[in-house]
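Chain by chain, the residues run as shown.
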Amino acid sequence: MLTLKIEGLQKNYRKFQALKNINLHMETGLFGLLGPNGAGKSTLMKILSTILPFQDGKVTIYDFDLVKEGDKVRQLLGYLPQHFNVPTQFTGREFLHYVASMKGITNQQGRHLQVEKVLEEVNLLPQANKKIKGYSGGMKRRLGIAQALLGNPKLIILDEPTAGLDPSERIRFRNLIEKLSKDHSIILSTHIISDIESSCENVAVIYQGEVLFQGSTEELAEKAVKVVWELSVPFSEYDQVEKEYVIISNRKEKDRVVFRIISKEKPQGEVSPVQPTIEDGYMAVINGVMP
Ligand SMILES: Nc1ncnc2c1ncn2[C@@H]1O[C@H](COP(=O)(O)OP(=O)(O)OP(=O)(O)O)[C@@H](O)[C@H]1O
């Protein structure tokens, strides 16, 4: 069953075209929306969350039309915005009770059960009675997920949920999302490849308001087949390589630098083809360098 279908979606901010003819579909599970800063990810997530209107196109979530049946769609959604501000004088538990009431979960016993369940799911029970102002960045994000889970949504929309997290919090967060994706469909937007590479089977790449790729992570990596190389040069040629190629990474080896680069043509010099990764595929797609 299709969770989400987007057809010909256009969004303008006055004269600026932020989304240009977006077509996307998502089945159940975990779906990654990848793109650099300014690509249009948040704009798309806000539209899907029904908080931002759009000019043209059609969005269907579980067979409901986002515009005509917005109320039904909202009942199926949980949303964690990119900039999630919480009233820090609340405790985590108080905040979740407040959000649950706003979501219409007014029965006291039912609300209590749901709040305790989501606190447990995001592993915040031990800190639930502490004021949010004492929470770490990772704990605040987990609280953000907990509020999105209230009401048991079928689809959870997470906009750059790992931004600003340290590596251990990021790993913990990834594990949590993977666990949640067993019972919910999740759309996760990010510009960090490692957020999606182990957990998302299906991804889309968005760049300058356009979807440049949709498919599996393996298919994304395949986009860089025959265009990713390792090029070894003396230090003196460092600047030259930087000017000429799309660089993925580099490492020092004795008196030389070994670059991992994207290039349609085989570069001159000491060069060898390498097995592409998802990151290579992503860089090849957004730089338009494909075989
Ligand atoms: N309210 C607005 N008014 C005018 N332009 C906007 C508005 N919101 C976003 N934009 C522009 O639309 C484009 C897409 O922005 P958006 O926030 O959707 O990108 P993003 O992929 O989420 O990037 P980031 O990760 O930096 O938030 C950018 O060029 C941005 O400057």
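Looking at an unreviewed UniProt entry, one finds the protein named ABC transporter ATP-binding protein YxlF, with Neobacillus rhizosphaerae as its source organism. According to the UniProt record, the Sequence similarities (unreviewed entry) comment for the protein reads "Belongs to the ABC transporter superfamily."

Asks: Before we move on, could you go through the domain arrangement of the protein and cite the residues and values that matter?
Replies: When the domains of the protein are assigned, the result is domain 1 (4–208) and domain 2 (222–286). Averaged C-alpha coordinates put domain 1 and domain 2 at centres separated by 36 Å. Counting from both sides, the interface comprises seven residues of domain 1 and, opposite them, five residues of domain 2. In total, domain 1 and domain 2 occlude about 590 Å² of area from one another, counting both sides; carbon and sulfur atoms represent 82% of this.

Asks: Give me the environment of Arg251: which residues, what numbers.
Replies: Here Arg251 lies in strand S12 (residues 246–253). Arg251 gets classed as partly exposed once you look at its relative accessible area, which sits at 37%. Put simply, Arg251 and Ile196 are 55 residues apart on the chain and 24 Å apart in space, counted from C-alpha to C-alpha. Look past the residues within four positions of Arg251 in its chain and what remains in contact with it is Glu230, Arg256, Val257 and Val258. Of the polar contacts made by the side chain of Arg251, one reaches the side chain of Glu230; its length is 3.1 Å.

Asks: Give me the lowdown on the packing of helix H3 (residues 92–102) against helix H5 (residues 137–149), citing residues and values where you can.
Replies: The interhelical angle for the contact between H3 and H5, taken along N-to-C directions, is 30°, at an axis separation of 9 Å. Comparing their axes, H5 and H3 come out roughly parallel. Once H3 is placed against H5, the crossing between them reads as right-handed. Along its contact with H3, which presents Gly92, Phe95, Leu96 and Val99, the element H5 presents Leu143, Ala146 and Gln147. Of the residues contributing to the contact of H3 with H5, the split by class is five nonpolar, two polar and no charged.

What counts and how
Residues numbered from 1 in each chain as written. Predicted model: local features only at pLDDT ≥ 70, side-chain atom pairs only at ≥ 80, totals over all residues. Heavy atoms only, no water. UniProt positions renumbered as here; feature names shortened; annotations may be inferred. Domains from an automatic or database assignment. Contact = heavy atoms within 4.5 Å. Buried area = accessible area lost by both parts, 1.4 Å probe. Helix = DSSP H or I, 4+ residues; strand = E, 2+ residues; numbered from the N terminus. Buried < 20%, exposed > 50% of the residue type's maximum accessible area, 1.4 Å probe, protein only. Polar contact = N/O pair within 3.5 Å; in protein donor to acceptor, adjacent residues only side chain to side chain. Axes fitted to C-alpha atoms, helices over the stretch in contact; angles between N-to-C directions. Parallel < 35°, antiparallel > 145°, perpendicular 65-115°, else oblique. Left-handed = near helix turned anticlockwise from the far one by under 90°. Nonpolar A, V, L, I, M, F, W, Y, C, P; charged D, E, K, R; others polar.

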